[in-house]
Amino acid sequence: MNTTIKLFGIMLIAVSISSCAIEPVKPWQRGRLANPVMVRDANPAQAVLEQHTYSSKEATSGGYSTGAGGCGCN
Amino acid sequence: MPNSNKGSDNSNAYSKTALQFCRFSFHAMGSPCDIRFYAADVVEAASTFKHVVQDIVELENKYSRYKSESLLSKVNVAANQGASIDVDDEFLALLSYANACFEQSDGLFDVTSGLLRELWDFSTDAAIEIPSSEQIESVLERIGWRHVVIKDHTVSFAKKGMAIDFGGIVKEYAADCSAKKLVDQGVQFGLVNLGGDIKAVGPHPDGCPWNVKIRDPKVAGKHVAEIPLYHEGLATSGDYERCVEIEGQRYSHLLSPKTGWPVAGLSSVSVKAPQCVVAGSAATIAMLKGNQGKAWLESLGVEYHLISG
Amino acid sequence: MAVTDDKGDNPIEKGAALGALMSAALALPGVADAAQGGFRSEDVKLNYHRAKYEEKGNRMSVETEHVTLTVPVGRDFEVTGSIIEDITSGASPVVNFLDIDGDPHQFVETGASIKDKRDIVEASVGYYGVDDYASFKIGRSEEDDYESSYGSLSYRLDINHKRTSISFGAGLTSDEVWNSYNPDVLLEEPSIFDRRKKKEFMVGISQIVNRNTVAQFNVTYAKSEGNLSDPYKKVYVVDEGLVDYRGLIDVAGLFRFAVDFGLVSFLNESGITRFLNESSFIDVPEVTEFLLGLKKDNRPDVREQWIYLLRFSHYMESTNSGLHFDYRYSDDSWGADSHTFDLKWNFGFESGWQISPGLRYYSQHSAFFYDVFFESLPEDEFVSSDYRLAGFGAISKKLGLSKTFNRKYTFYIDYERYDRHYDYELGGASKGSDIDDYRFKMLSFSVDAKF
């Protein structure tokens, strides 16, 4: 239960921080966001490998998106 | 490679989705045009088409340099009289687009360079009369994007005798507008072609792209390339038939605002880009860059097809 | 036609040329709406990825190959299939023994070098709507001692003129785990077979903050159930042994001696280990528990994690670069809470080059049932000396390099150096030890082709 409260707290903070600073960016102002350097992991296979490696060495895995699954490396 | 050519000849009803293939040909902006798309109802399609053409005619009336009543002509006249005239957001956005073209081409794509056409007449088959360097100088003096002053919603010129010409922008932009108009009216699968400036609305209903063939300028009836389009624009700059030969050197009909001369190097460039207007200006800039055009397109990161001079 | 003359071009502006034209074009009233939307790519894409992982001192090394094929189907769908194969060799620590002074030492059974193969087959379908994207993925992973089947659903909805995206995800992993009982290996447990399940749920929001910045916030809840213990790992519990050997015998030294002088390999290879393991007169695990106090790794069979991810991506025009910052916090019912800071900076250069340095810091608290060794068995009997549940910190330095040719082929090289240290843990050290510290290097090569 405690964690659920914490979760809402964090979400509330995140939303309120972002909502006061957000600029209504027009479609034609998104050229920079579409730049290839704005894709964090251009090579998904490398990202999969990195996350897999970390998850076999660390207690936390995932959190980026769901269903990476299938790591038989405990 | 996706192919399965489903061009205009496939005019039968698309039975799977009960959509009819409709194609309308017309003449606008000085070119033969056609609009093709799939519609559930042919009568409705005709009305859709009518709305699209209305918009095209409106754009032509607004931006034609040949029509004295056009907003563009009025702006040019007023600016030359030292006055300025109010323009709307669309006009300003086109000027801002022209500015982007100017910047990205290092000054080669200049909407004020249309005046050079007074000196070079490519319309006749007769041998080109080469203007004198004095003539060229006097025209070049009246050319320069930096002399166009845009303030609030008004346009004025810092020099007399200038003129803005949206050639290479407006027809391409009209293709994009027409595509949008089609989408707004519920068309999902279609293609707009305004004299070779093309914008796809979406592929054929079965997902196959529109395959646009690029003609071989040297051999009639032969094609040099086939470019598949789904949602993109495609535009071609350069026209083999309008090339000129001066002392054994082939020149295109595009004029450089830097030299006042036609540019040599490439005879035709086709570019595929998300918007037809971007494709069109990229193709024009590549032509203006002559021998450096290919390298520039390469760095731009677009799909292109190029025919050297 | 060869184009060699490049004079007069302004190379700095060129990289951004298309972006500049596009953003000016999108400002045109007749263009904006029609040009929106992340359309599905029309290309067939093939990716081959190969990597080598090596721990310092040749303790463990992994070679992996990964092939992915993505094909557009129909107007809005995309199908992806991928195959991964890993080959792991080396050995991993089994238990921590104590020396005569009572200091712990890892026992790594290098005499029995393992060679494990893992095969993963995965397929997914993605749907690209006008304002949304949905995907479904299933996969299966097989190893000698592990079989895992998983599936996930995810959905993203773009709202607020595509300035905001909301995503939802759900995943289920069902594992069958056993140890590939090898009677030729000392201290191996007889076969066990068990199941575990992991459910994951994710909610995320992504927001365009301004024309240079995108922010993302994800919350993931994961619940694992079943046998979550490691069948290969043992725990040394002093009170459970026959005597407390500290001050009497250097147990750790004896085992190290046995490994270093080939005694363990001799026992294993000569069949003596097998004879002992298969003998009905003697139960090796019982004997080692009675004599040495070796207990099985034993973990709670439920684990819940709340994982929060905050990501910022920021474009910097002066350097044509994108800076990506991630902070991840995990709240773990096992007590292994963690913080991850991950920085990646992509620099775009002319003619398709990209250089991406990266820095990652990870810190975790030890699990409540973890210790390097135990004096006595806790009341709940949950014990583990698995270094992955210890308190520690790790710093990774990364460098990536890629080059795209003709918009059709992209080559990638990635290098990473990972340094795990007991005393790198954020805010002091929880249970753990520097005996588990290690370093690894990873080098990857990858090529993407579009057709």
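Above: the structure in question.
I will try to describe carefully the structure that is included in this document. (Residues numbered from 1 in each chain as written. Chains lettered and ligands numbered in written order. Predicted model: local features only at pLDDT ≥ 70, side-chain atom pairs only at ≥ 80, totals over all residues. Heavy atoms only, no water.)

**Re the sheet that holds strand E6 (residues 190-194) of chain B**
Residue and element names in this part refer to chain B.
- Here 7 strands make up an open sheet; going across it, the order is E1-E2-E6-E7-E10-E14-E15 and the pairing antiparallel. Of all the strands in the sheet, the pair left with one neighbour each is strand E1 (20-28) and strand E15 (303-308). If you compare each strand with its neighbour and ignore which way they point, the axes differ by 10° on average.
- Note that E1 and strand E2 (residues 31-39) share 9 bridges and pair antiparallel. In the strand pairing of E2, Arg-23 is matched with Arg-36.
- Contacts from helix H1 (residues 42-63) reach E1, E2 and E6, with the element oriented near 25° to E1. (Pairing = 2+ DSSP bridges. Helix = DSSP H or I, 4+ residues; strand = E, 2+ residues; numbered from the N terminus. Axes fitted to C-alpha atoms, helices over the stretch in contact; angles between N-to-C directions. Contact = heavy atoms within 4.5 Å.)

**Here we look at the sheet that holds strand E4 (residues 148-151) of chain B**
Residue and element names in this part refer to chain B.
- Here we have 3 strands laid out as an open sheet, ordered E3-E5-E4, and antiparallel in their pairing. In this open sheet, the two strands that pair with only one neighbour each are strand E3 (85-86) and E4.
- Against the sheet, helix H2 (residues 71-80) contacts E3 and strand E5 (154-157), and its axis sits at roughly 50° relative to E5.

**A look at helix H5 (residues 170-184) of chain B**
Residue and element names in this part refer to chain B.
- For H5, with 15 residues, the first-to-last C-alpha span of 20 Å sits near the 21 Å given by 1.5 Å per residue.
- Buried residues dominate H5, accounting for 12 of its 15 residues.
- Within the span of H5, buried status applies to Val-170, Lys-171, Glu-172, Tyr-173, Ala-174, Ala-175, Asp-176, Cys-177, Ser-178, Ala-179, Lys-180 and Leu-182.
- Of the residues one or two after H5, Gly-186 is the one with positive phi, at around 95°. (Expected span 1.5 Å × (residues − 1). Buried < 20%, exposed > 50% of the residue type's maximum accessible area, 1.4 Å probe, protein only.)

**Some points on the interface of chain C and chain A**
- Taken together, the contacts link 94 residues of chain C with 54 residues of chain A.
- Here chain C meets chain A over a buried area of about 6,500 Å², counting both sides, of which 54% is carbon and sulfur.
- The three residues of chain C that bury the most area against chain A are Arg-211, Arg-328 and Arg-388 of chain C, which together make up 10% of that side's buried surface.
- Where chain C packs against chain A, one counts 6 salt bridges.
- A salt bridge links Lys-57 of chain A to Glu-55 of chain C; the shortest N-O distance between them is 2.6 Å. (Buried area = accessible area lost by both parts, 1.4 Å probe. Salt bridge = Lys/Arg side-chain N within 4 Å of Asp/Glu carboxyl O.)

**Brief notes about the nonpolar core**
- Counting residues in hydrophobic clusters, the biggest one holds 85 residues, and the most contacted among them are Phe-91, Phe-166 and Leu-297 of chain B.
- Mapping this core onto the domain boundaries places at least three of its residues in each of domain 1 (15-63 + 169-308) and domain 2 (71-157) of chain B.
- Apart from the residues within four sequence positions on either side, Leu-297 of chain B is in contact with Val-269, Val-271, Ala-282, Ala-286, Val-302, Tyr-304 and Leu-306 of chain B.
- Grouped together as the second largest cluster of nonpolar side chains are 40 residues, Ala-252, Tyr-370, Tyr-418 and Phe-440 of chain C included. (Core = buried A, V, L, I, M, F, W, Y, C linked by side-chain atoms within 4.5 Å. Domains from an automatic or database assignment.)

**Thoughts on the packing of aromatic side chains**
- Tallied over the full model, the rule gives 33 aromatic pairs over all chains.
- Summarising the aromatic geometry, the rings of Phe-21 of chain B and Tyr-38 of chain B are spaced 5.1 Å apart at their centres and angled 65° between planes, so their arrangement reads as edge-to-face. Linking Phe-21 of chain B in strand E1 with Tyr-38 of chain B in strand E2, this pair joins segments that are 17 residues apart in sequence. For the residue pair Phe-21 of chain B and Tyr-38 of chain B, the accessibility class agrees, reading buried in each case.
- Pairwise contacts between aromatic rings join Tyr-54 of chain A together with Tyr-53, Tyr-387, Tyr-418, Tyr-438 and Phe-440 of chain C into one cluster.
- If you follow Lys-57 of chain A out to its NZ or CZ, it ends over the ring of Tyr-438 of chain C, 5.1 Å from the centre.
- A cation over an aromatic ring shows up here: Arg-360 of chain C above the ring of Tyr-54 of chain A, its NZ or CZ 3.5 Å from the ring centre. (Phe/Tyr/Trp six-rings, centres within 6.5 Å; stacked < 30°, edge-to-face > 60°. Lys NZ or Arg CZ within 6 Å of the ring centre and 35° of its normal.)

**Observations regarding the pattern of salt bridges**
- Enumeration over the complete set of coordinates arrives at 44 salt bridges over all chains.
- Lys-431 of chain C is paired through a salt bridge with Asp-371 of chain C; the nearest N and O atoms lie 3.7 Å apart. Here Lys-431 of chain C, found in the loop between strand E19 (409-421) and strand E20 (438-450), pairs with Asp-371 of chain C, found in the loop between strand E17 (353-364) and strand E18 (392-405); they are 60 residues apart in sequence, far enough to count as distant.
- Of the residues examined, Lys-431 of chain C reaches a relative accessible area of 42% and is grouped as partly exposed.
- Residues joined by salt bridges that share partners form a network here, namely Arg-40, Asp-41 and Glu-58 of chain A together with Arg-311, Asp-326, Asp-342, Lys-344 and Arg-360 of chain C.

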